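Summary of structural features
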Amino acid sequence: MQATDQIIKKTFPITGLSCASCAVSAESMLSATPGVIHVGVNFANASATVEYEPQQVTLQQLKSAVQSIGYDLVTDESPEAAEALEDLHQQQFRTLKKKAVWSIIFSVPLVIIGMFFMDIPYGNYIMWALSTPVVLVFGRQFFVNAWRQAKHRNANMDTLVALSTSIAYIFSVFNTLYPEYWHSRGLHAHVYFEAAAVVITFILLGRLLEEKAKSNTSSAIKKLIGLQPKTVTLIRSNDETIEVPLAQVQVGDLLLVKPGEKIPVDGIVTSGSSYIDESMISGEPLPVLKEKEAEVFAGTINQKGVLRFKAIKVGGDTMLAQIIKLVQEAQGSKAPVQQLVDKIAGIFVPVVTGIALLTMLIWVIFGGDNGFTQGLLAMVTVLVIACPCALGLATPTAIMVGVGKGAENGLLIKDAESLELAHKVDAIVLDKTGTITEGKPVVTGIEWANTQASTLAAVLYSMEQQSEHPLASAVVKYMNAEKPVHLDHFESKTGKGVEATYKGQQYYIGSRTYINEQKVTVPATLESKSNAWLADAATVIWFANQKEALAVIAIADKLKDTSAAAVAQLQQMGVAVYMLTGDNAQTAKIVAEKTGIKNYKAGVLPSEKAAFVKELQQKGLTVAMVGDGINDSHALAQADVSIAMGHGTDIAMDVARMTIISSDLQQLPKAIRLSRQTVRLIRQNLFWAFIYNLIGIPLAAGILYPINGFQLDPMIAGAAMALSSVSVVSNSLRLKWSKL
């Protein structure tokens, strides 16, 4: 292969993946394509991240490689193709749901007849009629996928399901149509229609739960894209304004943004002033003042003023587009947790098939006159008892109970992977604003110069009511018991403060710098109080008249009551706690000291948060990221376990695989304990499922027959299979009554 300068890295959706080994097959086919440097196929979000040299391989060649094994690579990146793909996913989910529901409807009466009323007239024919739609219609996908795997000499869960259910079904059909074949040999013709149907029903239910969790992975990207307005107001050379689609905006265009609108592209302000909510980028709650020459970013929200700005980055170059790309890459680059059951099935299926055939052969050779008949029964018994019901239920039942237990305790868990991984977490990265703190500015104290000055509280309240400054609303909320007065004059000094006239007297509210400009006297008591609050990382605003400062007000983002206790619990569990914030170093230091966090970083950008998570992962740590803002979405996607606060943004909650509904950090230790208990249950379930097979298969093959004449009846094998499933489910239910 010739060396080339250009390497492209792209993430493409893949359709048709049904299990983790399907992802491995697709990955190996893409890796084998000339010109492809690296591939990562993620089964969890059905995507492939491909690094390739465009001079060596085309997108069509990549698509053809995947299509050759029965899947499809979606290389069309247009909005129409994305919508069509989403429609396809929704349609597939609805189809799977219908199959699962109808399978249950047919299986319930089938089990009742098979277990209690098998001797009713035409019972076998009724069971045949009930099982046929389940096996041949609703379970068709298992046979199709098993055939695809067989063509490439692979085996997975679908192979195991298809093999056991088809043998049980075909054997039952034969026994229904030709019962005299067995009667003439002194044997009873048993049928196993209910075994075939129930296995398919259970597996369909498991797939439905899996698809439901996976279907949410793309919604985060869609909501990020939704932050971009579809149209923008373009200013022409003659100062006329016109509304145009976002896609038509070019670098250098002059744009107008009105109050309440989203900034459409990155740019530089040319005129006007306003406060912009940039929490999606910085994560900080306070809007930022934007005046001439200030930078503005796509997706941020204009508050009250009108801005004109020049576009400097459009389309895929904007900061929002970069965040979207980073989230996509982080989601796609995570290697899927290879499902243990699929790994086992790859070895288990050929081994069980070999045992079944060997059993048949031994009986034919050494079984005497009825060797073939007993050999056939023994072969079917092996395949029935080896049915993967208990194996298939071992993980999903424990996960289902674990997810339910989490919900009862205020933890929403979106997928099995997070619940399985959380028990390994040895480092937790916490965002500050909205995670450790409340995430909104509140007044923490007002200090008046003297009691007489406090009678002017109504003036202060009335001025803040009319102020556009984002901190004013915190003061208004704090002083809502006051009755407003009529101000004779009010004026906002953008970036400084406000001034008003009341009963012939001038009053000012603003920063210390603004108050100093008025040349007023500052009492020592207020000066001392202000310095104390500033040292505690609060924002201080001043209230003064023409002569002297009347009051100081402290505004801060308060720590949550439970944050320090939660950090202490995590550290006692052996988990290292890190804090990252876009705030200044002084504030970060004080918050860290108050909560007992030893490791923290201030002034951190969104991309740097993700890089920090990656750095910890490279040290061999399993990292959980906890955040609440859009600015945390890339780091959440990068982390091994991602946790969002319930009062945070929809984007953070969509990217994160766990959500703390109450936003109480004390739920974090509970989440780790729940994961540890669930993983312990999964291991127990798999152990019992294997013990069942290790004991059951030799008995089914007739290993005791030469010793005491015992041969396991297929009906007993079916009952044993059902019992193994019940034991696994019962063991999982124990988690419901455990304490976190």
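Residues numbered from 1 in each chain as written. Predicted model: local features only at pLDDT ≥ 70, side-chain atom pairs only at ≥ 80, totals over all residues. Heavy atoms only, no water.

**So, the overall build of the protein**
- Counting its secondary structure elements, the protein contains 28 helices and 26 strands.
- A total of 740 residues make up the protein; the buried ones form 50% of that total.
- For the protein, contacts bridging at least 24 residues in sequence account for 68% of all contacts bridging at least 6.
- Of the roughly 33,600 Å² that the protein leaves accessible, carbon and sulfur atoms contribute 58%. (Helix = DSSP H or I, 4+ residues; strand = E, 2+ residues; numbered from the N terminus. Buried < 20%, exposed > 50% of the residue type's maximum accessible area, 1.4 Å probe, protein only. Contact = heavy atoms within 4.5 Å. Areas by Shrake-Rupley, 256 points an atom, 1.4 Å probe, with all protein chains shown as cover.)

**So, the pairing of strand E6 (residues 241-245)**
- Two strands pair when backbone bridges link them, and strand E5 (residues 231-235) and E6 are joined in this way by five bridges, in the antiparallel orientation. Bridge pairing in E6 links Val-232 to Val-244.
- The turn joining E5 and E6, which pair antiparallel and follow one another in sequence, is formed by five residues; a positive phi near 70° is taken by Asp-239. (Pairing = 2+ DSSP bridges.)

**A closer look at the confidence of the model for the protein**
- For the protein, per-residue confidence averages 82 on the pLDDT scale, and residues scoring 70 or more make up 86% of the total.
- Note that pLDDT drops below 50 for residues 330-338; the model gives that stretch 29 contacts with residues more than four away or on any other chain. (pLDDT = per-residue confidence, 0-100.)

**Quick word on the nonpolar core**
- With 47 residues, the main nonpolar core has Phe-171, Phe-193, Ile-200, Leu-204, Val-352, Val-382 and Ile-697 as its most contacted residues.
- Sorting the residues of this core by element identifies helix H3 (79-116), helix H4 (123-138), helix H6 (157-177), helix H8 (193-214), helix H12 (340-366), helix H13 (371-385) and helix H26 (667-701) as the ones contributing at least two each.
- The biggest single contributor to this core is H8, with nine residues.
- Apart from residues lying up to four places away in sequence, Phe-171 is in contact with Trp-182, His-190, Tyr-192, Leu-376, Leu-377 and Val-380.
- Among the nonpolar cores identified, the runner-up in size contains 39 residues, and Val-401, Ile-428, Ala-624 and Met-658 belong to it. (Core = buried A, V, L, I, M, F, W, Y, C linked by side-chain atoms within 4.5 Å.)

**Details of the sheet that holds strand E21 (residues 549-559)**
- Within the open sheet, the six strands sit side by side as E16-E21-E20-E19-E18-E17. Their pairing is antiparallel. Unpaired on one side and paired on the other, strand E16 (437-448) and strand E17 (489-493) mark the two borders of the sheet. Going across the sheet, the axis of each strand differs from the next one's by a mean of 15°, ignoring polarity.
- Where E16 lies against E21, eight bridges are found, and the strand directions are antiparallel. In the sheet register, Thr-437 faces E21, and the bridge partner there is Leu-559.
- Most of the contacts of helix H17 (residues 457-466) go to strand E19 (residues 505-510), to which it runs at about 60°, and overall it touches E16, E17, strand E18 (497-502), E19, strand E20 (539-545) and E21. (Axes fitted to C-alpha atoms, helices over the stretch in contact; angles between N-to-C directions.)

**As for helix H23 (residues 606-618)**
- With 13 residues, H23 ought to run about 18 Å at 1.5 Å a step, and its terminal C-alpha atoms sit 19 Å apart, in line with that.
- When we look at burial in H23, the residues that qualify are Pro-606, Lys-609, Ala-610, Phe-612, Val-613, Leu-616 and Gln-617. All buried residues of H23 fall inside an arc of 155° around its axis, so they share one side. (Expected span 1.5 Å × (residues − 1). Arc of directions from axis to C-beta.)

**Description of helix H20 (residues 524-535)**
- Here H20 spans 17 Å end to end across 12 residues, near enough to the 16 Å set by a 1.5 Å rise per residue.
- Where H20 terminates, the next one or two residues include Ala-537, which has phi positive at roughly 70°.

**Focus: the pattern of salt bridges**
- Taken as a whole and judged by the stated rule, the model has nine salt bridges.
- Between Lys-63 and Asp-72 there is a salt bridge, with its nearest N and O atoms 3.3 Å apart.
- As a salt-bridge pair, Arg-236 and Glu-240 come within 3.9 Å of each other at their nearest N and O atoms.
- For Glu-240, a relative accessible area of 39% translates into the label partly exposed.
- Several salt bridges share partner residues, and in doing so they unite Asp-431, Lys-609 and Asp-632 into one network. (Salt bridge = Lys/Arg side-chain N within 4 Å of Asp/Glu carboxyl O.)

**Structural notes on the sheet that holds strand E24 (residues 623-627)**
- Strand order in the open sheet made by the seven strands is E14-E26-E25-E24-E15-E22-E23, with mixed pairing throughout. The open sheet is flanked by strand E14 (411-413) and strand E23 (599-601), the only strands paired with a single partner. Here the strands of the sheet are splayed against their neighbours by 20° on average, with no regard to which way each runs.
- In this sheet, E23 lies alongside strand E22 (residues 576-580) in parallel orientation, the contact comprising three bridges. By the bridge assignment for E23, Met-579 is matched with Tyr-600.
- Those strands touched by H23 are strand E15 (427-431), E22, E23 and E24, and its axis lies near 170° from that of E15.
- Along the sheet face, H26 touches E14, E15, E24, strand E25 (641-645) and strand E26 (658-660) and points at about 45° away from the line of E14.

**Concerning the side chain of Thr-595**
- Tracing the backbone shows Thr-595 in helix H22 (residues 585-595).
- The residues contacting Thr-595, other than those within four sequence positions of it, are Ile-436, Leu-559, Ser-563, Ala-564 and Val-567.

**Observations concerning the side chain of Ser-462**
- Looking at the secondary structure, you find Ser-462 in helix H17.
- When residues no more than four places from it in sequence are discounted, the contact partners of Ser-462 are Pro-484, Val-485 and Leu-487.

**Overview of the packing of H4 against helix H5 (residues 140-151)**
- Direction vectors running N to C along H4 and H5 enclose 40°, while the axes themselves pass 5 Å from each other. For the element pair H4 / H5, the angle class is oblique. On H5, the residues that touch Val-135, Leu-136, Val-137 and Phe-138 of H4 are Arg-140, Gln-141 and Phe-143.
- By residue class, the composition of the contact of H4 with H5 is five nonpolar, one polar and one charged. (Parallel < 35°, antiparallel > 145°, perpendicular 65-115°, else oblique. Nonpolar A, V, L, I, M, F, W, Y, C, P; charged D, E, K, R; others polar.)

**Points about the environment of Val-74**
- As for its placement among the helices and strands, Val-74 is situated in the loop between strand E4 (72-73) and H3.
- What Val-74 contacts, discounting residues up to four positions off in sequence, is Phe-12, Pro-13, Thr-15, Lys-63 and Leu-85.

**Remarks on unusual backbone geometry**
- Even without glycine at this site, Asp-239 takes up a positive phi of about 70°.
- Classification of Asp-239 by relative accessible area gives partly exposed; the value is 47%.
- The backbone of Lys-519 sits at a positive phi, close to 55°, despite the residue not being glycine.
- In this structure, Lys-519 sits in the loop between helix H19 (512-517) and H20.

**Topic: the packing of aromatic side chains**
- Considering all chains together, one arrives at 13 aromatic pairs under this definition.
- Taking the centre distance of 6.2 Å and the plane angle of 40° together, the rings of Tyr-125 and Trp-128 count as tilted. With Tyr-125 and Trp-128 both in helix H4, this residue pair falls three residues apart, about one helical turn.
- Given a relative accessible area of 41%, Tyr-125 falls into the partly exposed group.
- Here Trp-128 falls in the partly exposed class, since its relative accessible area comes to 23%.
- Relative to Trp-688, the ring of Phe-687 lies with its centre 5.3 Å away and its plane at 75°, an arrangement referred to as edge-to-face. (Phe/Tyr/Trp six-rings, centres within 6.5 Å; stacked < 30°, edge-to-face > 60°.)

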